[in-house]
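Architecture at a glance
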There are 2 protein chains.
Amino acid sequence: MLIINIGNGKGKTTAAMGQAVRALGHGMKVCIIQLFKGKDFYGEQKILKKLKNLDFYSFSPKHPYLFKSISKSAVEKDCQKALDLLKNMLKSRKHDLIVLDEFNIALRDGFIKLKDLLELFNKYSSKINIIITGRAAPKALIRAADLVTEMKEMKHPYNSGKKFQKGIEF
Amino acid sequence: MLIINIGNGKGKTTAAMGQAVRALGHGMKVCIIQLFKGKDFYGEQKILKKLKNLDFYSFSPKHPYLFKSISKSAVEKDCQKALDLLKNMLKSRKHDLIVLDEFNIALRDGFIKLKDLLELFNKYSSKINIIITGRAAPKALIRAADLVTEMKEMKHPYNSGKKFQKGIEF
């Protein structure tokens, strides 16, 4: 099953992580591949890495939009490594659930080709549950998906000038 | 901060659980109080209960909508116990984050009074982060909240006749 979490609201990544914890609770095997998420910056990284039956990988911790000194070609190279790892993980059939955190962003910015991902999903998503997160997804990915949820911002403290808060936003 | 996850889509509870894991990763103390969620039925219950710095409570595991033999007065009594526990937890100031899973449902069905909850939130939510989940929330609760996300169903396999899936829906 191919599951996609999109939208401008909070909860795309945390829902995927909560989903990973849910699957682990049933004795399932889970793989998380994150892009653009910093190293030990997000609280969940520290906890999840210690859990049994969970393989946790992180690539391209910095996105060039926020870190202007990062070259796009280095990011593309790192995203390709993430894609290669995904291929190997899918082939191994070791996992019941694979979370591809922020892969929608890599698709949007051209670091990963939609064609490459769709090929993998066509081959494997009937046997393995795959969750992809990131603000917006290409239409062809939405069409291919079984379950799509839009996390929609109704109200957010940024809008009243409050800052990002540790333990909530990261 | 008062955070609310509503909507007809997937991810309200899993996002709250992912949020709990995020906070734990920063060494924060977390309390989860669940309503109507069965006993050791949801995968996350098994994992989260074992984590350090997390207090996990569950009340009224059966909702009378699904379990017709359950009396409403018994459910109301159990929900009041959950509310009393919440009061004590808030007073103790022991936690940085308190998750009130499906409390919106208890409000909708009259098992908990909105007035009672709002009183607590007015008193404590400036110091403690509180997350409430459940399909729909009363307008007064939305007004009181700092951060509201609607999880909106865009596509769901139920609609093409597929069954609830272990590790995904529970």
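Definitions and limits used
- Residues numbered from 1 in each chain as written.
- Chains lettered and ligands numbered in written order.
- Predicted model: local features only at pLDDT ≥ 70, side-chain atom pairs only at ≥ 80, totals over all residues.
- Heavy atoms only, no water.
- Least-squares fit on C-alpha atoms with pLDDT ≥ 70 in both.
- Pairing = 2+ DSSP bridges.
- Helix = DSSP H or I, 4+ residues; strand = E, 2+ residues; numbered from the N terminus.
- Axes fitted to C-alpha atoms, helices over the stretch in contact; angles between N-to-C directions.
- Contact = heavy atoms within 4.5 Å.
- Buried area = accessible area lost by both parts, 1.4 Å probe.
- Salt bridge = Lys/Arg side-chain N within 4 Å of Asp/Glu carboxyl O.
- Polar contact = N/O pair within 3.5 Å; in protein donor to acceptor, adjacent residues only side chain to side chain.
- Nonpolar A, V, L, I, M, F, W, Y, C, P; charged D, E, K, R; others polar.
- Buried < 20%, exposed > 50% of the residue type's maximum accessible area, 1.4 Å probe, protein only.
- Arc of directions from axis to C-beta.
- 1 Å grid on protein atoms, 1.4 Å probe; cavity = no way out; pocket = protein on both sides within 12 Å on 5 of 7 lines; lining within 4 Å.
- Points joined across faces, edges and corners; volume = space filled by probe spheres on them.
- Core = buried A, V, L, I, M, F, W, Y, C linked by side-chain atoms within 4.5 Å.
- pLDDT = per-residue confidence, 0-100.

Next up on the list: the relation of the copies chain A and chain B. You can overlay chain A on chain B at an RMSD of 0.0 Å; the transform is a turn of 180° with a shift of 0.0 Å along its axis. The superposition operator between the copies reduces to a two-fold rotation axis. The C-alpha atom lying nearest the rotation axis in chain A is that of A15 of chain A; the distance is 1.8 Å.

Turning next to the sheet that holds strand β6 (residues 147–155) of chain A. With respect to topology, 12 strands assemble into an open sheet ordered β3(A)-β2(A)-β4(A)-β5(A)-β1(A)-β6(A)-β6(B)-β1(B)-β5(B)-β4(B)-β2(B)-β3(B), the strand pairing being mixed. Here the strands that pair on one side only, and so sit at the sheet edges, are β3 (54–59) of chain A together with β3 (54–59) of chain B. Put simply, the sheet's adjacent strands are angled 15° from each other on average, direction ignored. Across five bridges, strand β2 (residues 30–35) of chain A lies against strand β4 (residues 97–101) of chain A in parallel orientation.

Let us now look at the interface of chain A and chain B. Opposite the 51 residues of chain A that make contact, chain B presents 50 residues. Summed over both sides, the interface between chain A and chain B buries roughly 4,300 Å², with carbon and sulfur atoms accounting for 60% of that surface. On the chain A side of the contact with chain B, R22, H26 and K155 of chain A bury the most area, a combined 18% of that side's loss. Linking chain A with chain B are two salt bridges. Between R22 of chain B and E44 of chain A there is a salt bridge, and its shortest N-O distance comes to 2.7 Å. Counting the contacts that link chain A with chain B gives 29 residue pairs in polar contact (both at pLDDT 80 or more). Taken together, the elements giving at least two residues each to the side of chain A that touches chain B come down to β1 (2–6), α1 (12–25), α2 (43–48), α6 (139–144) and β6 of chain A. The element contributing the most residues to the side of chain A that touches chain B is α1 of chain A, with 11 residues. Its residues assigned to classes, the side of chain A that touches chain B shows 24 nonpolar, 14 polar and 13 charged. As paired elements, β6 of chain A and strand β6 (residues 147–155) of chain B share seven bridges and run antiparallel to each other.

Turning our attention to helix α5 (residues 114–124) of chain B. All names here are of chain B. Burial in α5 covers these residues: L117, L118, L120, F121 and Y124. Taken around the axis of α5, the buried residues stretch over an arc of 160°, which confines them to a single face. Residues of α5 that are exposed and angled more than 90 degrees away from the buried face: K115, E119, N122 and K123. On the buried face of α5, the contacting elements are β1 (2–6), α3 (72–92), β4 (97–101), α4 (103–108), β5 (129–133) and α6 (139–144).

It is worth spelling out empty space enclosed by the protein at this point. Inspection of every chain in the model, using the stated rule, returns two cavities of 30 Å³ or more. Volume-wise, the largest cavity comes out at about 70 Å³. Taken together, K10, G11 and T14 of chain A together with I3, N5, A15, A16, Q19, I131, T149 and M151 of chain B form the lining of the largest cavity. Put simply, the parts of the chain that give the lining of the largest cavity at least two residues each are β1, α1 (12–25) and β6 of chain B. The dominant element in the lining of the largest cavity, judged by the number of residues it contributes, is α1 of chain B, at three residues. Looking at the lining of the largest cavity residue by residue, the class counts come to five nonpolar, five polar and one charged. In this structure, the second largest cavity is lined by I3, N5, A15, A16, Q19, I131 and T149 of chain A together with K10, G11 and T14 of chain B. Put simply, the parts of the chain that give the lining of the second largest cavity at least two residues each are β1 and α1 of chain A. Taken together, the residues that form the lining of the second largest cavity break down as four nonpolar, five polar and one charged.

If you look at soluble globular proteins, the nonpolar side chains tend to sit buried side by side. Core analysis: the largest hydrophobic core is formed by 42 residues, its most contacted members being V30, I32 and L48 of chain A together with V30, I32 and L48 of chain B. Once you skip the residues sitting within four places of it in the chain, L48 of chain B turns out to touch V21 of chain A together with M17, V21, I32, L54 and F56 of chain B.

What follows is about the confidence of the model for chain A. For chain A, mean pLDDT is 95; residues scoring 70 or higher make up 100% of the total. Reported confidence for the predicted complex is 0.94 by ipTM and 0.95 by pTM.

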